[in-house]
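Observations on the model geometry
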Amino acid sequence: MESLSPRIGNSPHTPSYTRPYRSKRHPPCDPCRRKKLRCQAERGNRCQRCQTSGALCTFGGLQVVHQPSAALPDASQASPPSARQVTTVQPVEDANVTVITDDLVRCQSEPILSLDPSASHDSRHILSSEPVTTAPATYHFPERPPAQAIQTLDQLNGFSYQVIGASGESDPWLLRHCKFDDHGFLLFHQVHFRNAGGVPLDEKIPVHFLVTTDELYVSTKKETAIPRNQSLRDELNSLVPLDCGQKLVALFVKFVFPTLPVISRTLFGLTSTRITPDQHVLNSLPVHLLAAVYASAQPFTKFDEYLSVLNAYRTPPTEQLWRIVWEILLQEIHTPHLAALQAGLLYLHKAPEKSQSAVADSASVWSFVGLLVGLATSLGLQLECGPMGLPAWERRLRRRLWWAIYAEDKWRSLLMGRPPYIRNDEWDVTELDNDDFQIDEAQIPLLSPPNSLLTQDVLRAQQFQCFACLSRIADEVQHDLYALRSSQRLSSNFSESLKTARPLLQRLREWYVQLPATLRLHDRLFASINGTGPQLTCLHFAYTLLEVFIFRALLRPMVRSATPPPLFEETEASNNFTTALDDYIFHILEPDEIEPTPAIDLSNENSTGSAVLKAAENCAAKMLRLVMRMTYSDLTGYWFSWSRIGFATVSSFMLLLLVQAPSKDQAIRARQLLHMWRQALRRQSDGSSLMNLALVRLDGIHWTGLCRNYYLPKHVKEALDETVYQ
């Protein structure tokens, strides 16, 4: 078994660990030395701490035994820790030292309960029926355990980990009483417990991780492994040579990272002045993460002179790279690390093939989202890691990854009409700030980076921070307007729907007002054509899309639903009778009796219903203007893959305005909006395949005819007949 690595001592990004002061003239007692606490003894007398706790205070010194290695023990030799010897994961400077403690040292992890002497010396009082008067119980709380060194959890070579939940079979409130070593480990045979460090705090639960050797899951990995004749890293390097990989990483940071900051630039060896990683760094990174970064950056190779020329004479190996990601993920889900979640998030946003760009997502997409949410929660990303004893880069990455997977869950839940996986009462990660986007600089002081680099980093941080806040509002929209119980309650209640929608619209307005000036579209004088600016249009599209969802919910109760059709068994006799009956009903009923009828009064232009309908038309026009003004750089930038479902949602919203138009004038306006929307999709789809699904949805309806597919009121039919377009 390989040892836990990297060690705390050789991590350049970990704060230095300062040992407690120890005087040579007044050495500490053995219990204080063992616990690495400042001893309060004077001239060889018992120290105050031992007197208070009742521990045996000795000054004999601790015996030191040298061992070949102090890392996690080999699986064949490891044994549960005994009271005699405790093996610890030591820092590098003490890697060959193991401390053997005295058997007589009293355990300090349990409180000492002091009873009244009369009650403790005479057992007859226990059996007596007379009340026994005792003094209040006095607890001597355990002393602070030894200091725990900061150490990475995700970079343990040969080990995987998962968080121990509050109701898990290993009780976190039991584990908090364990004697963890100075690296937070409690060692057992191949399965170990790691204290997160820094918690519990007030209102924070104890957090522990189960660290397991990968050897235990070898047979499980074989079940999902795909046979290969070539090493996956060799295959990756043959598809993308390391010199090309360096350029692709730089493109990823420039174009993808502002929208989806799921990598650690520190681990890639990047700083504010070093924009390309070294080749030896690339060779040390997980293959599936590197392949996902390469594949995500492939659409932007035209912005690199060398890669642009190279791809002019060959087809980029994008699909082969994604295949490598998928094959490794099938194995890594058994022993996950953050790299599996990083690669999975990028895989989720891979652009579909051209032949699939107009096809709705399959059910496997939502299932894959659930898989990623499961990985994230197994790794404990739902818990605030700020106080945990992890390196700074790891805490920043864990926080960004949580908000990335949170956004995936909320947006796809809303767009696909699925119940979200993440519950609001099961996570406590605080909102992102600029510190979560810092880069660990080299140890040698560097000159201050140019102002342009600083500004670019601020923009990258602000964009994803604002998107994360917008995702919180998306969760509220889904929960308040589209959850099962909410839809059942509001779909036929206009006043209650309006009452629910108003605070959501107010939240959106507040979000936009608080948006930094640099992230507002109207502040841009010219569109960026080289990708140097953040992808603002994608952010504003998501914001306007939430408005569409709110007004779409308000349109539901404004028109009554048709009476459901009668049900019958599929038999020959019933078919003949039902067909004749349907023909009779069709001839005696007027079309007005089965067309959509208003459920509220819309005759008064100053009524609330008319105002809502007007606002919904303005929202549609707002989205239309946004899409019509999209530039080349907007369309070729990095977009969330779920955006294509968003464009199709807008097409459905435009049709709803037309089908439910309460008057001929409003039907004409809705028909004009719908026509202009189709034209905008046709024009802009030449530069982006994200709009193909939205366009196909409309073309399919118009190809067979609106009147054939929808029950339309007479005034809507008249508006369609009078409006002629090229």
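Residue numbering note: each chain is counted from 1, following its sequence as written. Where totals are concerned, whole chains, interfaces and linings use all residues; where local detail is concerned, this predicted model gives features only for residues with pLDDT of at least 70, and gives and counts side-chain atom pairs only at 80 or more. By convention in this description, side-chain values take in all heavy atoms of the structure and omit both hydrogens and water.

**Focus on the overall build of the chain**
Runs of H or I in DSSP of at least four residues are treated as helices and runs of E of at least two as strands, each being numbered from the N terminus. When helices and strands are tallied, the chain shows 27 helices and 8 strands. Sequence-distant contacts, at least 24 apart, represent 78% of the contacts inside the chain between residues at least 6 apart. Note on areas: these come from Shrake-Rupley sampling with a 1.4 Å probe, and a residue is covered only by the protein chains present in the view. Carbon and sulfur atoms make up 54% of the accessible area of the chain, which amounts to about 37200 Å² in all. Every residue pair with non-hydrogen atoms within 4.5 Å of one another is taken to be in contact.

**Structural notes on the pattern of salt bridges**
In the sections that follow, a salt bridge refers to a side-chain nitrogen of Lys or Arg positioned within 4 Å of a carboxyl oxygen of Asp or Glu. Inspection of the entire model under this criterion finds 20 salt bridges. D361 is the salt-bridge partner of R644, the closest N and O atoms lying 2.8 Å from each other. One end of the pair, R644, is in helix α23 (residues 643-659); the other, D361, is in the loop between α13 (338-348) and α14 (363-378), and 283 residues separate them in sequence. Burial classes: relative accessible area under 20% of the type maximum marks a residue as buried, over 50% as exposed, and values in between as partly exposed (1.4 Å probe, protein chains only). On the basis of relative accessible area, R644 is assigned to the buried category, the value being 5%. Residue classification places D361 among the partly exposed positions, given a relative accessible area of 25%. E496 is the salt-bridge partner of R489, the closest N and O atoms lying 3.5 Å from each other. A relative accessible area of 43% places R489 in the partly exposed class. Looking at E496, the relative accessible area reads 27%, which means it is partly exposed. Salt bridges here are not isolated pairs; linked through shared partners, they connect D361, E408, R412 and R644.

**So, unusual backbone geometry**
Non-glycine residue Q190 carries a positive phi angle of around 70°. Within the fold, Q190 resides in the loop between β6 (185-186) and β7 (191-195). Among the residues examined, Q190 registers a relative accessible area of 14% and is labelled buried.

**Regarding the packing of aromatic side chains**
Note on ring pairs: Phe, Tyr and Trp rings are taken, using the six-membered ring of Trp, and paired if centres are within 6.5 Å. Classes follow the plane angle, with under 30 degrees stacked, over 60 edge-to-face and the rest tilted. A full pass over the atoms with the stated rule returns 26 aromatic pairs. Aromatic side chains W402 and Y406 sit 6.4 Å apart centroid to centroid with 45° between the ring planes, which places their arrangement in the tilted category. Taken together, the residues span about one helical turn, with W402 and Y406 both in helix α15 (residues 392-416) at a distance of 4 residues. Taking the relative accessible area as the measure of exposure, Y406 reaches 0% and is therefore buried. Seen from their ring centres, F467 and F640 are 4.6 Å apart, and the 20° between their planes marks the pair as stacked. With F467 in helix α16 (residues 451-482) and F640 in the loop between α22 (632-636) and α23, the pair connects residues that are 173 residues apart, well separated along the chain. F640 carries the same exposure label as F467, and that label is buried. Among the aromatic residues, ring-to-ring pairing joins W411, F464, F467, F640 and W642 into one connected group. Geometry around Y347 places K350 over its ring, the cationic atom sitting 5.4 Å from the centre. A cation over an aromatic ring shows up here: R400 above the ring of F437, its NZ or CZ 5.8 Å from the ring centre. Note on geometry: a ring has a charge over it if NZ (lysine) or CZ (arginine) is within 6 Å of the ring centre and within 35 degrees of the ring normal.

**Observations regarding the packing of helix α21 (residues 608-628) against helix α24 (residues 664-684)**
Each axis is a line fitted through C-alpha atoms, taken for helices only over the stretch in contact, and angles between the N-to-C directions span 0 to 180 degrees. Two elements in contact, α21 and α24, have axes whose closest approach is 10 Å; the angle formed by their N-to-C orientations is 20°. The angle between α21 and α24 falls in the class roughly parallel. For the pair α21 and α24, the crossing hand works out as left-handed. Where α21 abuts α24, its residues L613, E617, A620, A621, M623, L624, V627 and M628 lie against Q666, R669, L673, M676, W677, A680, R683 and Q684. Lys, Arg, Asp and Glu make up the charged group, whereas Ala, Val, Leu, Ile, Met, Phe, Trp, Tyr, Cys and Pro make up the nonpolar group; the residues left over, Gly among them, are polar. Here the residues of the contact of α21 with α24 are counted per class, giving 11 nonpolar, 2 polar and 3 charged. Any angle that falls under 35 degrees is termed roughly parallel, while one over 145 is termed roughly antiparallel, one within 65 to 115 roughly perpendicular, and all others oblique. Rotating anticlockwise by less than a right angle from the far helix to the near helix defines a left-handed crossing, while the corresponding clockwise rotation defines a right-handed one.

**Examining α23**
A helix is expected to span 1.5 Å multiplied by its residue count minus one. Helix length check: α23 (17 residues) gives 25 Å between terminal C-alpha atoms against 24 Å at 1.5 Å per residue, within 8%. Within α23, 15 of the 17 residues are buried, which leaves it mostly tucked inside the rest of the structure.

**Some words on the sheet that holds β7**
Two strands pair if DSSP finds at least two bridges between them. Sheet architecture is open: 4 strands sit in the order β5-β8-β7-β6, paired in antiparallel fashion. Where the open sheet ends on each side, the last strands, each with one partner, are β5 (159-163) and β6.

**Quick word on the pairing of strand β8 (residues 208-213)**
Taken across its 6 residues, β8 has 6 buried, putting it largely inside the fold. The side-chain alternation of β8 yields two buried faces, one formed by H208, L210 and T212 and the other by F209, V211 and T213. In the sheet, β7 pairs with β8 via 5 bridges, with the strands oriented antiparallel. Residue pairing across strands places R194 opposite F209, the latter belonging to β8.

**Focus: the nonpolar core**
Ranked by internal contacts, the top residues of the largest apolar core, which has 176 residues, are F268, W411, F647 and W677. Excluding residues that lie within four positions of it along the chain, W411 makes contacts with F467, L470, S471, A474, A542, L545, L546 and W642. Residues belong to one nonpolar core when they are buried, are Ala, Val, Leu, Ile, Met, Phe, Trp, Tyr or Cys, and are joined through side-chain atoms within 4.5 Å.

**Overview of the packing of α23 against helix α25 (residues 692-704)**
Look at α23 against α25: their axes get within 7 Å of each other, and the N-to-C directions meet at 30°. Compared by their axis directions, α23 and α25 come out roughly parallel. In contact with R644, F647, A648, S651 and L655 of α23, α25 contributes L693, A694, L698 and I701. Across the contact of α23 with α25, the residue classes tally to 7 nonpolar, 1 polar and 1 charged.

**So, the environment of Q298**
Tracing the backbone through its elements, the reader meets Q298 in the loop between α10 (287-297) and α11 (305-312). A residue is classified by how much of its surface remains accessible, and Q298, at 7% relative accessible area, is buried. With 20 residues separating them along the chain, Q298 and T318 place their C-alpha atoms 6.8 Å apart. Among all residues touching Q298, those that are not within four sequence positions of it are L248, N311, P316, P317, T318 and L321.

**Concerning the pairing of β5**
Burial analysis of β5 places 4 of its 5 residues in the buried class, the great majority of the element. Bridge analysis of β5 against β8 gives 5 bridges, and the strand direction is antiparallel. Each residue of the ladder has a partner; that of Q162, found in β8, is L210.

**Here we look at the confidence of the model for the chain**
Mean pLDDT over the chain: 79, with 74% of residues reaching 70 or higher. Of the regions scoring below 50 in pLDDT, residues 62-141 engages in 117 contacts with residues more than four places distant in sequence or in other chains. The quantity called pLDDT is the predictor's confidence in a given residue, expressed from 0 to 100. Within the model, pLDDT remains below 50 along residues 443-448, and this stretch shows 3 contacts once partners closer than five positions in the same chain are excluded.

**Things to note about the side chain of H337**
With respect to the helices and strands, the residue H337 is situated in the loop between α12 (318-332) and α13. Each polar contact in these results corresponds to two N or O atoms within 3.5 Å; when the atoms are within protein, one needs to be able to donate a hydrogen and the other to accept it, and residues that are neighboring in sequence are counted only if both atoms are side-chain atoms. Here the side chain of H337 touches D154 through a polar contact of 2.8 Å, landing on its backbone oxygen.

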